[in-house]
Amino acid sequence: MFSLGSWLPALPGLAWGWALLDALLQGLVGACAVSVLCSLLKVYLYIQCVNNPERQAEKEAIAGQRPLLELLHVLVLTGVLALVGSRVAALVVLEFSLRAVSTLLSLGKGAHSSQLYLLCQYSLGCGLSCGLSFLLEGAPHRSWNLALAAGLAGLLALHARRLARHVCALYELHSRARYCGVCILLLAAGHGIPRLLRNALALTFAVADLAAVELINRDFLSTAEAVRFWTPLTICYTLLVVYMQEESQQSMGRGLAFRTVVVRMGGLFILLLTVGRWTDILHILVSFLGELWCLLRAGVLLESCWRQ
């Protein structure tokens, strides 16, 4: 039931319109979450560069990012997440979760965690989309709930973006003069931003993984159908994780991130050619564009992470 249009006649086109509105609202929540993630990482990396005289060029590059491009990034990512179906979004979430666990186990704690946060941008958006689809399924006020979630997410993204702009413009002055409460707080506790992000992302992906498994399993009428799907999927994910671990040990840099996206999406594309639907193929192509868009937008931050 779509509460916003419950007083209108039940027309097929009208129901499709409300479904599209819900998809856009879900995509907006995911895009705002990605914006908050990037803004907080921008604050953290900028503070690290300020404290290191050898990283002044990185500091200027981080501060030189344009606010209008950030707004464009949110709008484009909203459209991409709205177009991607829940089935492919669930596959993206599960693939990243497996890759993240493997990476954390092999590398342990350290500077690589910031890089992993940037690589999870699109997966985070898909995770929130899956989680909202699962949690609000059948809710009597689904559209209102999504509108409220989108409003709150937009406020968080706006304040995080303002914080990033404030830090890039005035952090050096305020931290030396002990003038601004926000900058003094960041001076004392700014090193805890990665830990905050780690806890928030762990909770988000835990819920998203449960929702993803449920969303995928609902399409199967029997256990045999589920086994025929999950068996090649598990093999594909295992091979992808092994390949990416070997690649990460041999090379680093932006080229590695783009090759990883091509390999991951190519593997899912081939898998869905055999066990998926034709709509899944289109959604994989859209996801590929979404991954590339997120990496291109975060190029400066990725370079800063790799140089740490």
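Residues numbered from 1 in each chain as written. Predicted model: local features only at pLDDT ≥ 70, side-chain atom pairs only at ≥ 80, totals over all residues. Heavy atoms only, no water.

For the protein chain, the name recorded in an unreviewed UniProt entry is TMM82 protein, with Pomatostomus ruficeps as its organism.

Q: I'd like a description of the confidence of the model for the protein chain, backed by residues and values.
A: In regions of low pLDDT, the predicted coordinates are not meant to be interpreted in detail. Chain-level pLDDT for the protein chain is 79 on average; 87% of the residues reach the 70-or-more range. With pLDDT under 50 throughout, residues 1-13 is counted as low confidence; its partners more than four residues away or in other chains account for 19 contacts. (pLDDT = per-residue confidence, 0-100. Contact = heavy atoms within 4.5 Å.)

Q: Just give me the short version of the pattern of salt bridges, but keep the residues and values in it.
A: Under the counting rule described, the total for this entry stands at eight salt bridges. Note that Arg99 and Glu95 form a salt bridge whose closest N and O atoms lie 3.1 Å from each other. Residue Arg99 and its partner Glu95 are both found in helix H4 (residues 86-107); the two are separated by four residues, about one turn of the helix. One exposure class covers both Arg99 and Glu95, and it is buried. (Salt bridge = Lys/Arg side-chain N within 4 Å of Asp/Glu carboxyl O. Helix = DSSP H or I, 4+ residues; strand = E, 2+ residues; numbered from the N terminus. Buried < 20%, exposed > 50% of the residue type's maximum accessible area, 1.4 Å probe, protein only.)

Q: Let's hear about the side chain of Gln26: which residues, and what values?
A: Summarising the element assignment, Gln26 is placed in helix H1 (residues 12-50). A polar contact of 2.8 Å, which involves the side chain of Gln26, links it to the side chain of Arg142. For Gln26, the contacting residues outside a window of four places in its chain are Ser129, Leu132, Ser133, Arg142 and Leu146. (Polar contact = N/O pair within 3.5 Å; in protein donor to acceptor, adjacent residues only side chain to side chain.)

Q: I'd like a description of the state of the cysteines, backed by residues and values.
A: Tallied over the entire structure, the rule returns zero disulfides. The structure places no disulfide on Cys126, whose sulfur is separated from the nearest cysteine sulfur, that of Cys130, by 6.6 Å. Assessed through its relative accessible area of 1%, Cys126 is described here as buried. The closest cysteine sulfur to the non-disulfide-bonded Cys168 is located on Cys49, 9.8 Å from its own sulfur. (Disulfide = S-S within 2.5 Å.)

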